Structures are given as C-alpha cells and as structure tokens.
Amino acid sequence: MTSYLRMADSLRFGTDGWRAVIGREFTFANLSRMARATVKWLKLSNPAPRVVVGHDTRFMGRLFAEHVAQEFANEGATVILASGPTPTPAISWAATRQGISAGVVITASHNPPEYSGYKIKTHFGGPATDMMTGAVEKLMEPYAPSSRRHGRELVEERNITAEYTEYLRSLFDLGSIDVRLVHDPMYGAGQGILSRLLSSKCVTEIRSEINPGFGGIAPEPIEKNLGELMESVVRQGATVGIAHDGDADRIGVVDERGDIVTSHLVMALLAAHLHKYHSLKGAIVRTFATSAILTKMGAAWGIPVETYPIGFKHVAPRFLETDVLVGGEESGGIAVAGHIPERDGIYVALVLLNMLAERQKPLTALVQELFDEFGPHAYYRSDVHTQKQPEIIADLRRMGGLRQIGGRKVNSMDLLDGFKHLMEDAWLLIRPSGTEPVLRIYAEAPTGSEAETLVHDVLTQFDLPT
C-alpha cells in the first residue's frame, strides 16, 4: 500500500501529458488534483480563465471529462465541454479561439486500452511546454474533497468536432480530391471525419465504431497494428490507406500496394510537395529519431534542418518563433506550414490527399522519386516491454554506448535524447519511453532487412525478446 500511495502522490507529465492505468493511478481523485493545479496555473496569468475540455473514445472518457470540467468550474473557470469523442487537434484548434486560456484532453493517445491520460493544450494551439507542465506539477496538492460548488452554469457543451470539421472544409478544395481512400481511425476519435469531408464514394471506413478496448491492441498506427488496413487497401483497389491513433493526432499511411509508408517518408513527401511544388519556404524541424533523408533534403535545397529531443512539445514552439515548412516526429505526429503548431493527423491526411490529387502519381512513384534523388532509406523499430529498462540504460551510460551493431562499426554517439549510434550508412537509437515501462529501439539503414538486423542484434546483446 505504501508504494502505491507514493506513486499516486507523485503525478508527473511525460513526453506528452500525464498517463496512467485506469483505476490504479488514473482515478477521479488524481484527476481532481491535476485539474485544480491546472486552474491555479492558468490563474497566474488570467484571473478568470476559460478552458475547453474534450475526450477520446477510451473507457469512461466522457465521465472523466465531465469530472474535470466540474473541477474547473468549482475553481471559478468557465468551461466549454466537447459533446462527444473529439480529436486532440480539434481541442488544440479550439484553444486558439478568442478568450480561451487552454485546452485539456482526456486521452492516452496511442497507449494500450487500459490507460487514460490528461493533455494540456495552450492558447497558441500546441502542447504545453516542459516549463508549463513543470509549473502545474509544483502547484499539485494532496487530494481533498472540494468545498466549492459552482454548479453546471459555468459549463457550456458544444460539438467541437463538428466545428473543427467545418473549419477544415474551408481550407481545402475538397471537390478536387478524387482519390479512393480507406480510412482506419482505429476505433478512435477520428472516426467519420474524412467521410464527412470527402465524398462517401471516395472513402471506405474500417474500425470506425466505438470500442474502448480498441480490438485488443494499442491504437497506434504502426505496421504491426495495421494489417486490416493494408489488406483493405489492396482489396478495395484504393489509392491510399490512412490510419489515425486513438486521439487522431498521429497518422499512419499505406500505399496502393498495401505497404506501409513510414512517417519519415510522409514528412519527406510533404516537405517536397510544399517546397518544390508550392514554393513554400521554412525549416524542417524534426525530433531525434527521424530519418537522415530529411537532413539530405535540407542540404540539397538550402533550407535549415533542426533536430530536437523526442516529443512534439519540442517542435511546436518553433512554429511560433520562425518559418517552419514541416515539423514532426517518427511516431507519426506531423504539423505543416499554414496550420496550428500541433500534430494533426486529420489535417495532414488532407494535405497528403491533396498532394496525390495534384501530382496524379501513386505513392510508390512519389517515394521512388525521393529515393532516386537522396538514396534509399529504410526504417525499423521495436518497442520492448521490460523491467530491465533502467538497468540497460545504466549499462549504456557506463559503456558510453555500443561499439559494434549488426556487423557495423559505431563511429560516434549522439546523446541528445537517448543513445544514438551513428554508423557509416546507418544509425540506431536506444531510449526509454517517457510514458510506459518500454525500451524503444529505432534503426535506419539502406534496406529494411539491414535496419531490422541492427535492432535484433541489440535485442540479442541485452538478452531481450526478439
């Protein structure tokens, strides 16, 4: 019992928000503590804050969101409560509306079904920075029942998803997008949006009902979870398949052959499309685990490429500070010029569909154009659930990294965020997850088999399951 209380008393934000297992650390009491601290933080700059609150399709999401909204109202904040499951980027967009101080989303994003979470979105439409979440953590107090009851008069319910969908409709010439799409929202909050925006003749949806168990998998749009989408694209003869994670801020893409197009290549395709064919300028801002092809593109085109630690919260501020062409991370969280400084799987999907309609070439051909210019780049990643995570990280720190991986000599190390082993034509990164007891291992090499070999060699060296 003592260890549980210590865990529950210390609520900490991870890479993107606070996440915990429902019924264990993720409780109404801890949500009260989190919400009250958030209001205190907001009141440091605005004595009468206005907050928009949403939730995804996870278990008890609506009840958790109502509870948070009531806690905000108890503390004197005015609240807009989303009327149903709402994508995180829709809440981020809503947070930029006049008079809104911040947005809060009850979501664990791509994490397994037993998790829920609490994300803070700022008035500029992006994730809260470390400084902001650190301030909220310092204001956290032990739980006590609230003695203040302002009632529901401070809570207004609105359909934020519908408002956001209409906003997106105003940004694109949707009638010109004539590609055939299979959309896989993975039972998450993105369901129905692309179908409403595009002709129903163009869009086939799968896994588009409410299922808090997410079919028994984590709603993360990576290859191992997208077999149904890959098969459906081929079966339907579709132009492209698009998947979104549980709160629709990440995107996964499948080409017309039913093969995964990695988020690295999606970023590269978007950068090429916006820069070469729409003459837009700006930096490519990427996180530490993204492809070297982005660096090569920047060098060839004379545009800056900036690299930051893992977590989109490190990318978002650059949209406010300079011109950014594309910003993103390897996990499918991408933002592009002309929109909010936030990962937005729905918006990025529309830009990608617009690219396919304009270029009138299949995805495989557009990817090959990149490889013809910058060489082949293949990527492989393994997420290993292991209690040995702290021990492995300590060993790497002590050794200064590995000396050889998969028969390749390690030439140098980059320690920006984890242990990135740099080899002549490849790299491998080892880092702990910021939200789960998981060791993440990423690799890039000229071919998929070479990248996979690098990862499997590391798993063998540390006696981890392959």
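Fair warning: this is a prediction, and the values are worked out from it, not measured in the lab.

The rules behind the values
- Residues numbered from 1 in each chain as written.
- Predicted model: local features only at pLDDT ≥ 70, side-chain atom pairs only at ≥ 80, totals over all residues.
- Heavy atoms only, no water.
- Helix = DSSP H or I, 4+ residues; strand = E, 2+ residues; numbered from the N terminus.
- Rg over C-alpha atoms; globule rule 2.2 N^0.38 Å.
- Buried < 20%, exposed > 50% of the residue type's maximum accessible area, 1.4 Å probe, protein only.
- Contact = heavy atoms within 4.5 Å.
- Areas by Shrake-Rupley, 256 points an atom, 1.4 Å probe, with all protein chains shown as cover.
- Lys, Arg positive; Asp, Glu negative; His and termini not counted.
- Charge placed at Lys NZ, Arg CZ, Asp CG, Glu CD.
- Pairing = 2+ DSSP bridges.
- Axes fitted to C-alpha atoms, helices over the stretch in contact; angles between N-to-C directions.
- Salt bridge = Lys/Arg side-chain N within 4 Å of Asp/Glu carboxyl O.
- Polar contact = N/O pair within 3.5 Å; in protein donor to acceptor, adjacent residues only side chain to side chain.
- Core = buried A, V, L, I, M, F, W, Y, C linked by side-chain atoms within 4.5 Å.
- Parallel < 35°, antiparallel > 145°, perpendicular 65-115°, else oblique.
- Left-handed = near helix turned anticlockwise from the far one by under 90°.
- Nonpolar A, V, L, I, M, F, W, Y, C, P; charged D, E, K, R; others polar.
- Phe/Tyr/Trp six-rings, centres within 6.5 Å; stacked < 30°, edge-to-face > 60°.
- Lys NZ or Arg CZ within 6 Å of the ring centre and 35° of its normal.

Enquirer: Now, about the overall build of the chain: what can you tell me, with residues and values included?
Expert: Of the regular secondary structure elements, the chain holds 15 helices and 22 strands. Against the globule reference of 23 Å for 466 residues, the chain gives a C-alpha radius of gyration of 22 Å, in line with a compact fold. Its C-alpha atoms give the chain principal-axis dimensions of roughly 65 × 60 × 40 Å. Within the span of the chain, comprising 466 residues, buried residues form 60% of the whole. Taking as baseline every contact in the chain between residues at least 6 positions apart, the subset at least 24 positions apart corresponds to 67%. Counting every atom, the chain has about 18000 Å² of accessible surface; 51% of that belongs to carbon and sulfur. For the chain, the separation between the mean place of its 47 positive charges and that of its 55 negative charges on side chains is 4 Å.

Enquirer: Describe the sheet that holds strand S3 (residues 78–82), with residues and values.
Expert: Reading across from one edge, S1-S5-S4-S2-S3-S6 is the order of the six strands in this open sheet, with mixed pairing throughout. Each of the sheet's edge strands pairs with one partner strand only, and the pair in question is strand S1 (18–21) and strand S6 (155–158). Averaged over all neighbouring strand pairs, the angle between strand axes comes to 20°, with direction disregarded. The sheet contact formed by strand S2 (residues 50–55) and S3 spans four bridges and is parallel. Bridging across to S3, valine 53 finds its partner in leucine 81.

Enquirer: Go over the pattern of salt bridges with me, naming the residues and quoting the values.
Expert: In total, this model carries 33 salt bridges according to the counting rule given. Measuring nitrogen to oxygen at the nearest pair gives 2.9 Å for the salt bridge that ties glutamate 141 to lysine 40. Linking glutamate 141 in the loop between helix H5 (130–138) and S6 with lysine 40 in helix H2 (residues 28–43), this pair joins segments that are 101 residues apart in sequence. Owing to a relative accessible area of 29%, lysine 40 belongs among the partly exposed residues under this scheme. Residues glutamate 330 and arginine 381 are paired through a salt bridge, measuring 3.1 Å at the closest nitrogen-oxygen approach. Residue glutamate 330 is located in the loop between strand S14 (324–328) and strand S15 (334–336), and its partner arginine 381 is located in strand S16 (residues 378–385); the two are separated by 51 residues in the primary sequence. Accessibility assignment for this pair places glutamate 330 and arginine 381 in one class, buried. The network of salt bridges with shared partners includes Asp16, Lys119, Lys121, Asp247, Asp249, Glu329, Glu342 and Arg343.

Enquirer: Which residues make up the environment of serine 170, and what are the values?
Expert: With respect to the helices, strands and loops of the structure, serine 170 is situated in the loop between helix H6 (160–169) and strand S7 (181–184). According to the relative accessible area criterion, serine 170 is exposed, its value standing at 56%. At 2.5 Å, the side chain of serine 170 and the backbone oxygen of tyrosine 167 are in polar contact.

Enquirer: Outline the side chain of histidine 55, supporting the account with residue identities and numerical values.
Expert: Following the sequence through the fold, histidine 55 ends up in strand S2. Classification of histidine 55 as buried rests on a relative accessible area of 4%. Excluding residues that lie within four positions of it along the chain, histidine 55 makes contacts with Gly61, Arg62, Ala65, Gly84, Pro85, Thr86, Val105 and Ile106.

Enquirer: Can you tell me about the nonpolar core, naming the residues and giving the values?
Expert: In terms of nonpolar packing, the biggest core is built from 66 residues, with Leu270, Met297, Val326 and Ile334 touching the most fellow members. Here this core gets 10 residues from one element, more than from any other, and that element is helix H12 (residues 345–359). For valine 326, the contacting residues outside a window of four places in its chain are Met267, Leu270, Ala271, Leu274, Ala283, Ile284, Val285, Ile334, Ala335 and Val336. Among the nonpolar cores identified, the runner-up in size contains 35 residues, and Ala20, Phe64, Val79 and Ile106 belong to it.

Enquirer: Mind laying out the sheet that holds S14, listing which residues take part and the relevant values?
Expert: Reading across the sheet, the four strands line up as S13-S12-S14-S15 and stay open at both edges, with mixed pairing between neighbours. What marks the edges here is a single partner per strand, and that holds for strand S13 (305–308) and S15. The mean angle between the axes of side-by-side strands here comes to 15°, regardless of whether they run parallel or antiparallel. Running at roughly 170° to S14, helix H9 (residues 263–277) makes contact with strand S12 (283–287), S14 and S15 of the sheet.

Enquirer: Before we move on, could you go through the packing of H9 against H12 and cite the residues and values that matter?
Expert: Two numbers describe how H9 lies on H12: the axes approach to 11 Å, and their chain directions differ by 60°. Considered as vectors, H9 and H12 are oriented oblique to each other. When you trace H9 past H12, the crossing you get is left-handed. Between H9, through Leu269, Leu270, His273 and Tyr277, and H12, the contact on the second element is made entirely by Val348, Val351, Leu352, Asn354, Met355, Glu358 and Arg359. Considered class by class, the residues forming the contact of H9 with H12 number seven nonpolar, two polar and two charged.

Enquirer: Please give an account of the side chain of aspartate 249 that cites residues and values.
Expert: Within the secondary structure, aspartate 249 sits in the loop between strand S9 (240–244) and strand S10 (251–254). Residue classification places aspartate 249 among the buried positions, given a relative accessible area of 0%. Among the polar contacts made by the side chain of aspartate 249, one reaches the side chain of arginine 343 at a distance of 3.2 Å. Setting aside residues no more than four positions away along its own chain, aspartate 249 makes contact with Asp16, Thr88, Pro89, Ser109, Lys119, Gly332, Gly333, Arg343, Asp344 and Gly345.

Enquirer: Tell me what's going on with the environment of leucine 171, and back it up with residues and numbers.
Expert: Examined against the element boundaries, leucine 171 turns out to sit in the loop between H6 and S7. Its relative accessible area of 38% is what places leucine 171 among the partly exposed residues. Residues leucine 171 and glycine 188, spaced 17 residues apart in sequence, show a C-alpha to C-alpha distance of 24 Å.

Enquirer: How would you explain the packing of aromatic side chains if you had to name every residue and give the values?
Expert: Any two aromatic rings considered together are summarised by their centre-to-centre distance and by the angle between their planes. The final tally for this structure, using the stated rule, is nine aromatic pairs. Taken together, the ring pairs connect Trp18, Phe26, Phe28 and Phe64 into an aromatic cluster. The ring of phenylalanine 288 is capped by lysine 420, whose NZ or CZ atom sits 4.8 Å from the centre of that ring. The residue whose ring lies beneath lysine 420 is tryptophan 427, and the NZ or CZ to ring-centre distance is 4.4 Å.

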